[in-house]
Amino acid sequence: MNRTFWAGFGVAVIVILLPVLIFIDARSSSDHKPSAVSAPIPEKIAPDLSSDRESVFLPTPPVAGQTLSAPSLSSRVPHDVSRGLSKRDLSDPVIAFSPRRIREGVDREMRRREREAVHKKKHSGIRTIVYDTNHVYTIRTAVSHVTLIDLPEEAKEVYLGDSKLFMAEVFGSRVKIKPITWDHETTTNMIVYTLHRQFAFRLRVVAEGEEDDLLTFYLPQSETVVNLNPLKRKMEADLAFREKVDLKREALKTLRDAGPKVPVGVSQRKEGIAADFLGFSSLGNVSYALFEVRNETSRPAVLQDVRLRSFTTSLFWEGRKDYMDGQDYSRSYQMSIPAHGKERILLPADPPPLTSSREGYLAEIRVDAQEGGRRVFRLQKMGEKK
């Protein structure tokens, strides 16, 4: 009886459980059928055992009468692409890799790079500002850093919107600002009064490296404003130089016409041309030797060059001249002298005065008179005997 009972019990279990197992197998096989638009079967990739179980590709064993399908694409979608997608979207490659999803990913990446570029851009904490009475200036401050404001006038009064968040000190025309809070969202205002003006500021706390170090204010009419027209300054400098040159030219002309202050009075005449060593004059700290050349011929002459030297004569032989070192002055002129005319010239020279009868000056003047060729005049002046 026991054997018959167990045989009947086994047949009943098989009859009851067999349909249930067939139904479960059919359901599991239908989950692995390919979708309407399926991706190509990827190359064989070794599973990464270090990742979680869902990322390992384990194909379902084939069932008789069914074809192999590609593995679910949701297990191979990158993390950054699948962000914000549901499991249902990830199972459909049309949604997961749609052009709209790709454009959104590209836009997010571009915005991220722009933020990084702005953050990495080199920040200059020094600014120069031209004062505008209708403008509110924003000042960026950082904890453990000081910001200085240079005003064009001495600061008289400083008012802070919240003195518990910022500290301000005045040193003449300079205002020092420091934040005493770490909150980057903190802002307040500050008003500074000088003798004739008022300055309005908005204070902010920013990250380290983005703060202002020094702000310098200039008045619009100030000559130190950086946007002053450089051409205007150059024209003013050129005009001042030309005026200085013109004044000097007029002074030298007056000096030539006035005659020498220290007369010498040596002259020489050759074939219609006369040369005179008139003496010495001075203009400021510069001393000049004054000469005059007269052309008594009917043709113009050309004054070419003039040379002036100091010398001493020997005690036993007065005809010998020993020229003094550093006392040689010369210049080329190429000055035209009209017929029956005369010209005066100034030669920059500062020889020592003659103190004895053995000391003297020797002036050499070369003139091209055209008629009779070049003429050389040697004008010698000796010191007085004592």
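Residues numbered from 1 in each chain as written. Predicted model: local features only at pLDDT ≥ 70, side-chain atom pairs only at ≥ 80, totals over all residues. Heavy atoms only, no water.

**Here we look at the nonpolar core**
Line of reasoning, step 1. Phe277, Phe291, Leu308 and Ile365 are the most contacted members of the largest nonpolar core, which has 26 residues in total.
Line of reasoning, step 2. For this core, the secondary structure elements donating two or more residues are strand S10 (262–270), strand S11 (273–283), strand S12 (286–295), strand S13 (301–313), strand S14 (321–337), strand S15 (341–348), strand S16 (359–368) and strand S17 (374–382).
Line of reasoning, step 3. By size, the runner-up hydrophobic cluster in this structure holds 19 residues, among which are Leu151, Phe166, Met190 and Val205. (Core = buried A, V, L, I, M, F, W, Y, C linked by side-chain atoms within 4.5 Å. Buried < 20%, exposed > 50% of the residue type's maximum accessible area, 1.4 Å probe, protein only. Helix = DSSP H or I, 4+ residues; strand = E, 2+ residues; numbered from the N terminus.)

**Quick look at a nonpolar patch on the surface**
Line of reasoning, step 1. A contiguous nonpolar surface patch, about 950 Å² in accessible area, is contributed by Phe5, Trp6, Phe9, Val11, Val13, Val15, Ile16, Leu17 and Leu21.
Line of reasoning, step 2. Tracing the chain through its elements places Val11 in helix H1 (residues 2–30). (Patch = residues over 30% accessible without salt bridge, like charges linked within 9 Å, V, L, I, M, F, W, Y side chains within 5 Å. Areas by Shrake-Rupley, 256 points an atom, 1.4 Å probe, with all protein chains shown as cover. Salt bridge = Lys/Arg side-chain N within 4 Å of Asp/Glu carboxyl O.)

**Topic: the pattern of salt bridges**
Line of reasoning, step 1. Per the stated rule, a full pass over the model turns up 20 salt bridges.
Line of reasoning, step 2. A salt bridge links Asp212 to Arg140, with the shortest nitrogen-to-oxygen separation between them at 2.8 Å. A residue pair is termed long-range when its members are at least 10 positions apart, and Asp212 in the loop between strand S8 (198–205) and strand S9 (214–218) and Arg140 in strand S2 (residues 136–141) qualify at 72 residues.
Line of reasoning, step 3. For Asp212, a relative accessible area of 0% gives the class buried.

**Focus on unusual backbone geometry**
Negative phi is the rule for most residues except glycine; trans is the rule for most peptide bonds.
Line of reasoning, step 1. The backbone phi angle of Gln334 is positive, close to 55 degrees, even though this residue is not glycine.
Line of reasoning, step 2. Examined against the element boundaries, Gln334 turns out to sit in strand S14.
Line of reasoning, step 3. On the accessibility criterion, Gln334 (54% relative accessible area) is exposed.

**A look at the confidence of the model for the protein**
Line of reasoning, step 1. For the protein, per-residue confidence averages 77 on the pLDDT scale, and 74% of positions sit at 70 or higher.
Line of reasoning, step 2. Looking at the elements of the protein, mean pLDDT is at its lowest for helix H2 (residues 79–82), recorded as 45, and at its highest for strand S3 (residues 147–150), recorded as 94.
Line of reasoning, step 3. In this model, residues 32–59 is a region of pLDDT below 50 whose contacts with residues beyond four sequence positions or in other chains number 16 contacts.
Line of reasoning, step 4. pLDDT under 50 marks residues 63–82. Its contacts with residues more than four places away, or in other chains, come to 24 contacts. (pLDDT = per-residue confidence, 0-100. Contact = heavy atoms within 4.5 Å.)

**As for the sheet that holds S2**
Line of reasoning, step 1. Across the sheet, which stays open at both edges, the 4 strands sit in the order S2-S8-S7-S4 with mixed pairing between neighbours. Each edge of the sheet is formed by a strand with only one pairing partner; in this case those strands are S2 and strand S4 (155–160). Shown here is a sheet whose adjacent strand axes are inclined to one another by a mean of 25 degrees, direction ignored.
Line of reasoning, step 2. Here 5 bridges tie S4 to strand S7 (residues 187–194), and the two strands are oriented antiparallel to one another. When the bridges of S7 are listed, Glu157 appears paired with Tyr193. (Pairing = 2+ DSSP bridges. Axes fitted to C-alpha atoms, helices over the stretch in contact; angles between N-to-C directions.)

**Quick word on the packing of aromatic side chains**
Line of reasoning, step 1. What the rule picks out here adds up to 11 aromatic pairs.
Line of reasoning, step 2. Pairing Phe201 with Phe217 gives two aromatic rings, centres 5.9 Å apart and planes at 80 degrees, and the pair type is edge-to-face. Separated by 16 residues along the polypeptide, Phe201 in strand S8 and Phe217 in strand S9 bring together distant segments of the chain.
Line of reasoning, step 3. Ring geometry for Phe277 versus Phe280: centroids 5.7 Å apart, planes at 75 degrees, classification edge-to-face. Each member of the pair Phe277 and Phe280 is classed as buried.
Line of reasoning, step 4. Counting every residue linked through ring pairs, the aromatic cluster contains Tyr131, Tyr137, Phe199, Phe201 and Phe217. (Phe/Tyr/Trp six-rings, centres within 6.5 Å; stacked < 30°, edge-to-face > 60°.)

**Some details on the pairing of S9**
Line of reasoning, step 1. Sheet topology places strand S1 (residues 126–130) next to S9; 5 bridges connect them, and they run parallel. Paired with Ile129 across the two strands is Phe217, which belongs to S9.
Line of reasoning, step 2. With 3 bridges joining them, S3 and S9 adopt parallel strand pairing. Bridge pairing links Asp150 to Thr216 in S9.

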